Amino acid sequence: MNFFRGVIGGQAAGPQPSGAETIQKLCDRVASSTLLEDRRDAVRALKSLSKKYRMEVGTQAMDHLINILQTDRSDSEILGYALDTLYNIICNDEEEEQDENAQKQADDLGALFTDKFIQDPEHVTLLLTLLEEFDFHVRWPGVKLLTALLKNQGVQLQGVILVSPMGVSRLMDLLADSREVIRNDGLLLLQQLTKGNAAIQKIVAFENAFERLLDIITEEGSSDGGIVVEDCLLLLLNLLKNNSSNQNFFKEGSYIQRMKPWFEVGDDNSGWSAQKVTNLHLMLQLVRVMVSPVNSPGATSSCQKSMYQCGLLQQLCTILMATGVPADILTETINTVSEVIRGSQVNQDYFASVNAPSNPPRPAIVVLLMSMVNERQPFVLRCAVLYCFQCFLYKNQKGQGEIVATLLPSTIDANSISAGQLLCGGLFSADSLSNWCAAVALAHALQDNLTQKEQLLRVQLATSLGKPPVSLLQQCTNILSQGSKVQTRVGLLMLLCTWISNCPIAVTHFLHNQENVPFLTAQISENLGEDERLVQGLCALLLGICIYYNDNSLENYTKEKLKQLIEKRIGKENFVEKLGFITKHELYSRAAQKPQPVFPSPEQMLFDHEFTKLVKELEGVITKAVHKSSEEEKKEEEVKKTLEQHDNIVTQYKELIREQDSQIQELKEQVASMTSQNEQKQATITQQLSQIQQHKDQYNILKLKLGKENQSQSNSQGDVSQVNGLQTEELIQLKEEVEELRKQHTLLQTQLDDKDALINTLRSEAAQTAEGSAGGSENTELLKELETLRSQVQSQSTEINQLQTEREELLRRAEAGSSDVVHSSDGSLDSAKMAELESRLAAQMTETERLKEETKSLSGSRADLEQQLASATSTVAILQTEKAKLQTEVQESKKEQDDLLMLLADQDQKIHSLKQKLKDLGETVEDEDDLDAREQTDDDEEEEEEEDED
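Residues numbered from 1 in each chain as written. Predicted model: local features only at pLDDT ≥ 70, side-chain atom pairs only at ≥ 80, totals over all residues. Heavy atoms only, no water.

1. Let's talk about the confidence of the model for the protein
Phase 1 of the analysis: For the protein, the mean per-residue pLDDT works out to 82, and 77% of the residues sit at or above 70.
Phase 2 of the analysis: Segment residues 714–726 is flagged for pLDDT under 50; beyond a separation of four residues in sequence, or across chains, it makes 14 contacts in the model.
Phase 3 of the analysis: Contacts for the low-pLDDT stretch residues 769–779, under 50 throughout, to residues beyond four places or in other chains number 11 contacts. (pLDDT = per-residue confidence, 0-100. Contact = heavy atoms within 4.5 Å.)

Listed below in structure tokens is the structure:
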């Protein structure tokens, strides 16, 4: 213990050991002491020396300290000393009195010891395990040590923690610690842990980090809170920036709605603290992260919709129009509102309706444009307003029309300031930055909107008293030719290029001024300085647009004449080289990266993001258009016409296919309806057959009763009355049966008529098929079979008519017999009359049975006819299919013949050209006409020789 008293308690007599020797002795004591108290004192001594002798302690004691962490887990005090010592040798605390070299050496030393510590991943796992200790003296130093390790070697340590079981979850528990110092340092630890690692960011987010962080922000006072709120916001930014998964989780968890209270600013906005400004700035950045243009369009649109529905956009517009808001907060609020409304029609419409609290009220857009064209406003604020105006017009044709309408003569209100008046004022002011901003803003009002490009040609400007007004297009070219500042000319050239691109009418208006083309050619052909190269490139782009979108309506400036002018005055290669100056400019690539105009100084404000897209789109096609000859253009036009014709033919075929599909669908529906009707008729026939059977049974019963009563004739009066009663009931029943048979006959007649119509249709289709196909004999047989069926149907119909006539006659006779019986009932009837009645009744019953049998036979014949008709229908369908196949083969044969004719024509042409070449070379070539003539001559000579011989 005397040794420790010498180190800690005071100086002993004699020569003092050096720091390295003392540290060595302490390390030996830590390694060799068996008593926990001795090891604890040695570690405490190392802690006190670790800042002064950082190099020595780190080199000699690190392994011993790690061993302490592994073996002495039961003593929290020695663990705390060991963790503090490791923190002192690893941490790179910046001290004001250190110079840059000393600070660099300290950083290198921290990185060296960090590498040594994390060489074994078990050391990091051991540290994560120690963080589960609730003891303050262990947990707090452990949090600080892990934070220092992450600062020095973040990527390596993130990989170790990521694969460690429950590593991230243990660190998330720090946010739930009731001791604020541990919770706050836990926030700093998580900030370092989540930097640039999407996997850890997702794990932290799904460990309910958003809920915990938003709760802490609310507890600490939101924007009025302290440094803890700032740390929470920085951690939220780490979790959400460039992480689409976490952004979607944040939106789906309804956390956007919880951001609205952050921006509730009171009327008294004086005396904003620096911390409040920082907090609100981070909150606005958090909103922008959710709706950033670099996010996927679907996710951005969804977040924009949520922000409008929960009232967050309305709250931001309130801050925008409030008074007393600091300039940097106002600038960031404008940028935030810009991205919340960008590309969202609903949000853009709402922003257009926002009015500033002035008297009289003015639209917020007008108030913002007044700031943009005011050269006394800060540069960053003017850039933010321009960005807001661009976002308001992005994919917003309605807003574009409203802005352009404020420039038209019919809508100008002399009593109020409009957006169009402010843009024109800025376009022609003495401030070059105002010129550039107004030109770019007006170009965005024309972006991808042909209607507004044509409408803007109507705008007339009064230049001076007594002079006629000039068009806005002409005034822009006039200012351009006056040789103003580079920034002004660049802005005007970007406006003109956007205006006349894809608008032949605007190109014609531009070329109509005889001075424009000579000015452009003069600008391009001159050899100017470095600053003027960009202007030359833009002039070349403008002239190229005049060529590419030229409709040749002006004889002096057709496409061909403009290209000839370029070739004579400039040279095609020189023109293309000047055109390439635009994309080679150093500021072009910076503007092409993101939509927001961010420039370090006003002088570097030259390119607009949307204009870079236009240049990228047009540079290649303009180069091709300049190099093309008139013959190539004619060929392209012919190809275009051919393609249009081909498209028309394809469209016609598509319409034909649609019609055929609709017809097929209708036929399918008809087949389905006929099938259902057939089923209904079959059910009706079955029902009628059952009714007929019932009538037969009743008739037999009545017949039996009548026979029995006829056998027992006791007295004439009683018997006659009984017979008369029975015959009356029988006749009534017969009448009902006859009526039922009449109905059945009518129904059968209707069905026969339908079948006749169908047979006629099939006969005509079969006749057409027989004309166009090779199977004429089969069609003739089918027609004969159909004619036979029709004759059978007609004969059956004749028989039914005869039966109907006989049935009516029977009914008439039955009624006459009934009346005779009734009239003779008053007197006494003799036996002869009774016999006659009985014979009549028997005849009627026989006739009725015969008619029923004939009805059955007719029903059977009808079923046979329907079956034969179905087979004929299927035969016709087969014939139609064969006809279609034959027609297809004929078409293919015709096509092959046409191809052969084309090949023969090409072959004849080649033979003719080869013969012509042989003739040109002096070779003797015989044509077919010569050969025919020679053959004819030979034949004549042979005939003459034969005659001479005879």
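Additional details are given in the paragraphs that follow.
2. Looking at the packing of aromatic side chains
Phase 1 of the analysis: Tallying each qualifying case throughout the model produces 11 aromatic pairs.
Phase 2 of the analysis: Seen from their ring centres, Phe 250 and Tyr 255 are 5.5 Å apart, and the 40° between their planes marks the pair as tilted. Across the pair, exposure class does not vary: Phe 250 and Tyr 255 are buried alike.
Phase 3 of the analysis: Among the aromatic residues, those joined into a cluster by ring pairs are Phe 206, Phe 210, Phe 249, Phe 250 and Tyr 255. (Phe/Tyr/Trp six-rings, centres within 6.5 Å; stacked < 30°, edge-to-face > 60°. Buried < 20%, exposed > 50% of the residue type's maximum accessible area, 1.4 Å probe, protein only.)

3. Some points on the side chain of Asn 347
Phase 1 of the analysis: Here Asn 347 is to be found in helix H19 (residues 345–353).
Phase 2 of the analysis: Not counting chain neighbours up to four residues away, the residues in contact with Asn 347 comprise Gln 304, Tyr 308, Leu 313, Val 340 and Ile 341. (Helix = DSSP H or I, 4+ residues; strand = E, 2+ residues; numbered from the N terminus.)

4. A look at the side chain of Thr 85
Phase 1 of the analysis: Turning to its location among the elements, Thr 85 is positioned in helix H5 (residues 76–90).
Phase 2 of the analysis: For Thr 85, a relative accessible area of 0% corresponds to the buried category.
Phase 3 of the analysis: Looking at Thr 85, its side chain comes within polar contact range of the main-chain oxygen of Tyr 81, at 2.7 Å.
Phase 4 of the analysis: When residues no more than four places from it in sequence are discounted, the contact partners of Thr 85 are Val 43, Leu 46, Lys 47, Ser 50, Val 57 and Leu 65. (Polar contact = N/O pair within 3.5 Å; in protein donor to acceptor, adjacent residues only side chain to side chain.)

5. Some details on the environment of Gly 142
Phase 1 of the analysis: You can see Gly 142 is positioned in helix H8 (residues 136–152).
Phase 2 of the analysis: A relative accessible area of 2% means that Gly 142 is categorised as buried.
Phase 3 of the analysis: A C-alpha to C-alpha distance of 9.8 Å links Gly 142 and Glu 132, two positions 10 residues apart in sequence.
Phase 4 of the analysis: Excluding its chain neighbours within four sequence positions, the residues that come into contact with Gly 142 are Leu 83, Leu 127 and Leu 131.

6. Here we look at a nonpolar patch on the surface
Phase 1 of the analysis: Side chains of Ile 649, Tyr 653, Leu 656 and Ile 657 sit close together on the surface and give an oily, nonpolar patch of about 390 Å² of accessible area.
Phase 2 of the analysis: Examined against the element boundaries, Tyr 653 turns out to sit in helix H36 (residues 630–711). (Patch = residues over 30% accessible without salt bridge, like charges linked within 9 Å, V, L, I, M, F, W, Y side chains within 5 Å. Areas by Shrake-Rupley, 256 points an atom, 1.4 Å probe, with all protein chains shown as cover. Salt bridge = Lys/Arg side-chain N within 4 Å of Asp/Glu carboxyl O.)

7. Considering unusual backbone geometry
Phase 1 of the analysis: The phi dihedral of Ser 222 falls on the positive side, at around 55°, and the residue is not glycine.
Phase 2 of the analysis: Residue placement: Ser 222 occurs in the loop between helix H12 (198–219) and helix H13 (227–240).
Phase 3 of the analysis: Look at Ser 222 and you get buried, because its relative accessible area is 16%.
Phase 4 of the analysis: If you check the backbone angles, Lys 395 has positive phi at about 55° while not being a glycine.
Phase 5 of the analysis: As for its placement among the helices and strands, Lys 395 is situated in the loop between helix H21 (379–393) and helix H22 (397–405).

8. A few points about the pattern of salt bridges
Phase 1 of the analysis: For the coordinates displayed, the defined rule picks out 21 salt bridges.
Phase 2 of the analysis: Of the charged contacts in the structure, one is a salt bridge between Glu 332 and Arg 288, with a shortest N-O distance of 3.0 Å. Of the two residues, Glu 332 is situated in helix H18 (residues 327–341) and Arg 288 in helix H15 (residues 274–290); the sequence distance between them amounts to 44 residues.
Phase 3 of the analysis: Judged by its relative accessible area of 13%, Arg 288 is buried.
Phase 4 of the analysis: Salt bridges sharing partners connect three or more residues here, namely Arg 40, Asp 75 and Glu 77.

9. Here we look at the environment of Cys 388
Phase 1 of the analysis: Along the chain, Cys 388 turns up in helix H21.
Phase 2 of the analysis: Its relative accessible area of 1% is what places Cys 388 among the buried residues.

10. Some thoughts on the packing of helix H7 (residues 121–130) against helix H9 (residues 154–163)
Phase 1 of the analysis: It is at 10 Å that the axes of H7 and H9 come closest, and there the two elements cross at 65°. Between H7 and H9, the angle is such that the two are roughly perpendicular. At the point where H7 passes H9, the crossing takes the right-handed sense. Along the contact surface, H7 presents Pro 121, Val 124 and Leu 128, while H9 presents Leu 157, Val 160 and Ile 161.
Phase 2 of the analysis: Its residues assigned to classes, the contact of H7 with H9 shows six nonpolar, no polar and no charged. (Axes fitted to C-alpha atoms, helices over the stretch in contact; angles between N-to-C directions. Parallel < 35°, antiparallel > 145°, perpendicular 65-115°, else oblique. Left-handed = near helix turned anticlockwise from the far one by under 90°. Nonpolar A, V, L, I, M, F, W, Y, C, P; charged D, E, K, R; others polar.)

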